[in-house]
Amino acid sequence: MQNSLIGFIGAGNMTHAIISGLINNNTNHNQIKISDTNEALLLLRKTEFNIEIFTDNTKLATQCSTIIFAVKPQVLSSVCKNLKNKLTTNTLIISIAAGVRSHDIERWLGGNQAIIRTMPNTPALLNQGITGLFANKQVSNKQKFLAENILNSVGECLWVNDEYLLNAITAVSGSGPAYFFLMLESMTKAGVTLGLDEVVAQKLSIQTALGASMMASRSKDSPQQLRNKVTSKNGTTQAAIESLQNQDFEIIIAHAIRAASDKSNKIGIELSNDE
Ligand SMILES: NC(=O)c1ccc[n+]([C@@H]2O[C@H](COP(=O)([O-])OP(=O)(O)OC[C@H]3O[C@@H](n4cnc5c(N)ncnc54)[C@H](OP(=O)(O)O)[C@@H]3O)[C@@H](O)[C@H]2O)c1
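Values in this document were obtained by computation on a predicted structure and should not be read as measured data. (Residues numbered from 1 in each chain as written. Predicted model: local features only at pLDDT ≥ 70, side-chain atom pairs only at ≥ 80, totals over all residues. Heavy atoms only, no water.)

1. Remarks on the overall build of the protein
Tallying secondary structure elements over the protein gives 12 helices and eight strands in all. Along the first, second and third principal axes, the C-alpha atoms of the protein reach 65 × 40 × 35 Å. Of all 275 residues assigned to the protein, the portion counted as buried reaches 40%. Long-range pairs, those at least 24 residues apart, make up 64% of the contacts in the protein with a sequence separation of at least 6. Taken as a whole, the protein presents about 15900 Å² of accessible surface, with 55% of it coming from carbon and sulfur. Charged side chains in the protein number 24 positive and 22 negative. The centres of these two groups are separated by 4 Å. (Helix = DSSP H or I, 4+ residues; strand = E, 2+ residues; numbered from the N terminus. Buried < 20%, exposed > 50% of the residue type's maximum accessible area, 1.4 Å probe, protein only. Contact = heavy atoms within 4.5 Å. Areas by Shrake-Rupley, 256 points an atom, 1.4 Å probe, with all protein chains shown as cover. Lys, Arg positive; Asp, Glu negative; His and termini not counted. Charge placed at Lys NZ, Arg CZ, Asp CG, Glu CD.)

Structure follows, in C-alpha cells:
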C-alpha cells in the first residue's frame, strides 16, 4: 500500500468534481485511482484525467492509503462487505454517501477503521460547495488534515464533533441548493405575473441571488444587518418583507429544514438495517 494514494470507489458526478478539483490544485494524476462497475464510465475518466482505473474495488482498495466511497447510499453496504477485513487499520475511509452512518460503515468493514463521514453539496461541481465532516475516534489529526485538503478542492469544509449534526447539515446545505432553486422559480413566476418576459424575470432573479450571496459572503455584516440596510422605511422592500413575515416565512423555512433533517435521520436508520 502506498502512503499518498487516493482511491475513489464510484466514478460518478461527485468523483468527477473532486478529481477535477484535486488535479486543478496540483495533485499528481499518478496519486489518484478509481474503480467502478461501469467500464464505459471508467474509460471516460481515464481519458479525462489520465488515472489508473479498476473494475475490482478490492484491487484498488488494497493499494490506497485513502479510499473515498462515492457510490449511492443503497449500494454502500455491499461495497463495504466485499472489502471486509481486507483493509489495514492505517487506511482512511472517507464516505460521501448521504445518510450512511460511520459505525455502520465500520461494522460492514469488520471494525477498527478510521472513517470520516462527509456531506458535500452539488455546488461542489463548480468548486463552490460546502462539506460537513465528522471523524470517528480512529481518525488521526494528519488524516483529518488530508480529508480537509481533498474536500477543500471543491469548496469549503466544516467539522462537527457530533455525527448526529450531519442530519442538520444535510438539511441546511446538502438539500439547500434546491430551496434556492425554488426561490428562483417563485421569483421568476411572480415577475412574469407582473408582465416581465420569463427569460428576463429569470435572469433578474438568478443575478440577484448571485449578487446577494456574494454580498453576504464578503460582508462583515450579518444577513439580517444587510437586509436592514436595504430595507428603507415605508419602501418597496419593506412591503415585500412584511408580506413574507405576515405569512410566517421563517416558520415555513424552519419546518422545511426540520423535515429534511428528520428524513436524513430516518434514512440513516433504514440503511443501518441491512441484515
Ligand atoms: N451528487 C450530489 O450532489 C451529492 C451531494 C452530496 C452527496 N452525494 C453522495 O455522493 C455519492 C455519489 O453521488 P454521485 O452523484 O456521484 O453518484 P453517481 O453519479 O450515481 O455515481 C456512483 C457510481 O458508482 C457506481 N457503482 C454502483 N455500484 C458500484 C459498486 N459496487 N462498485 C463500484 N462502483 C459502483 C455507479 O455505477 P452505475 O451507475 O452503473 O450503478 C456510478 O457510476 C452518493 O452516495 C450521494 O449520496 C452526492
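Continuing now.
2. Thoughts on the UniProt feature "binding site: NADP(+)" (unreviewed entry) in the protein
Mapped onto the present numbering, the UniProt feature "binding site: NADP(+)" (unreviewed entry) falls at Ile9, Gly10, Ala11, Gly12, Asn13, Met14, Ser35, Ala70, Val71, Lys72 and Pro73. Checking the annotated residues one by one, the ones that line the second largest pocket turn out to be Gly10, Ala11, Gly12, Asn13, Met14, Ala70, Val71, Lys72 and Pro73. Considering the arrangement of structural elements, one finds Ala11 in the loop between strand S1 (2-9) and helix H1 (13-24). We classify Ala11 as buried; its relative accessible area is 0%. Setting aside anything within four residues of it in sequence, one finds Ala11 in contact with Ile34, Ser35, Asp36, Leu41, Leu42 and Arg45. Beyond its immediate stretch of four places on either side in the chain, Gly12 contacts Asp36, Leu41 and Arg45. (UniProt positions renumbered as here; feature names shortened; annotations may be inferred. 1 Å grid on protein atoms, 1.4 Å probe; cavity = no way out; pocket = protein on both sides within 12 Å on 5 of 7 lines; lining within 4 Å.)

3. A closer look at the site of the ligand
Around the ligand, a shell composed of 22 residues is seen, among which Met14, Asp36, Asn57, Val71 and Thr122 lie nearest. Asn13 is positioned such that a nitrogen or oxygen atom in its backbone is 3.1 Å from an oxygen atom of the ligand. Between the ligand and Ala98, the relevant distance is 3.2 Å, taken from an oxygen atom to a main-chain nitrogen or oxygen of the residue. Comparing atom positions with the cavity grids shows the ligand to sit within the second largest pocket. (Near = heavy atom within 4 Å. Polar contact = N/O pair within 3.5 Å; in protein donor to acceptor, adjacent residues only side chain to side chain. Sits in = over half its atoms within 2 Å of the grid points.)

4. Points about a nonpolar patch on the surface
Together, Leu196, Val200 and Leu204 make up a nonpolar patch on the protein surface, roughly 240 Å² of accessible area in all. Checked against the element boundaries, Leu204 lands in helix H9 (residues 198-218). (Patch = residues over 30% accessible without salt bridge, like charges linked within 9 Å, V, L, I, M, F, W, Y side chains within 5 Å. Salt bridge = Lys/Arg side-chain N within 4 Å of Asp/Glu carboxyl O.)

5. Considerations on the packing of helix H7 (residues 165-174) against helix H8 (residues 176-193)
The interhelical angle for the contact between H7 and H8, taken along N-to-C directions, is 30°, at an axis separation of 5 Å. The pairing of H7 with H8 is recorded here as roughly parallel in orientation. Along its contact with H7, which presents Ala171, Val172, Ser173 and Gly174, the element H8 presents Gly176, Pro177 and Tyr179. Its residues placed into classes, the contact of H7 with H8 shows four nonpolar, three polar and no charged. (Axes fitted to C-alpha atoms, helices over the stretch in contact; angles between N-to-C directions. Parallel < 35°, antiparallel > 145°, perpendicular 65-115°, else oblique. Nonpolar A, V, L, I, M, F, W, Y, C, P; charged D, E, K, R; others polar.)

6. A few points about the layout of surface pockets
Reported here for the second largest pocket is a volume of approximately 530 Å³. In this structure, the second largest pocket is lined by 23 residues; those nearest its centre are Met14, Lys72, Pro73, Ile96 and Ala98. Sorting the residues of the lining of the second largest pocket by element identifies H1 and H8 as the ones contributing at least two each. In terms of domain composition, the lining of the second largest pocket takes at least three residues from each of domain 1 (2-165) and domain 2 (176-265). (Points joined across faces, edges and corners; volume = space filled by probe spheres on them. Domains from an automatic or database assignment.)

7. Quick notes on the pattern of salt bridges
Tallying each qualifying case throughout the model produces seven salt bridges. In this structure, Glu48 and Arg45 form a salt bridge, with 2.9 Å as the shortest nitrogen-oxygen distance. Here the residue Glu48 and the residue Arg45 both occupy positions in helix H2 (residues 39-49), the gap between them amounting to three residues, near one helical turn. Taking the relative accessible area as the measure of exposure, Glu48 reaches 37% and is therefore partly exposed. Exposure remark for Arg45: the relative accessible area of 5% places this residue in the buried category. Asp104 is the salt-bridge partner of Arg107, the closest N and O atoms lying 2.7 Å from each other.

8. So, the environment of Ile93
Tracing the backbone shows Ile93 in strand S5 (residues 92-95). For Ile93, a relative accessible area of 0% gives the class buried. Remark: the alpha-carbon pair of Ile93 and Ala114, spanning 21 residues in sequence, is separated by 6.1 Å. In this structure, Ile93 is in contact with Ile67, Phe69, Leu87, Ile105, Leu109, Gln113, Ala114, Ile115 and Ile116, ignoring residues within four places of it in sequence.

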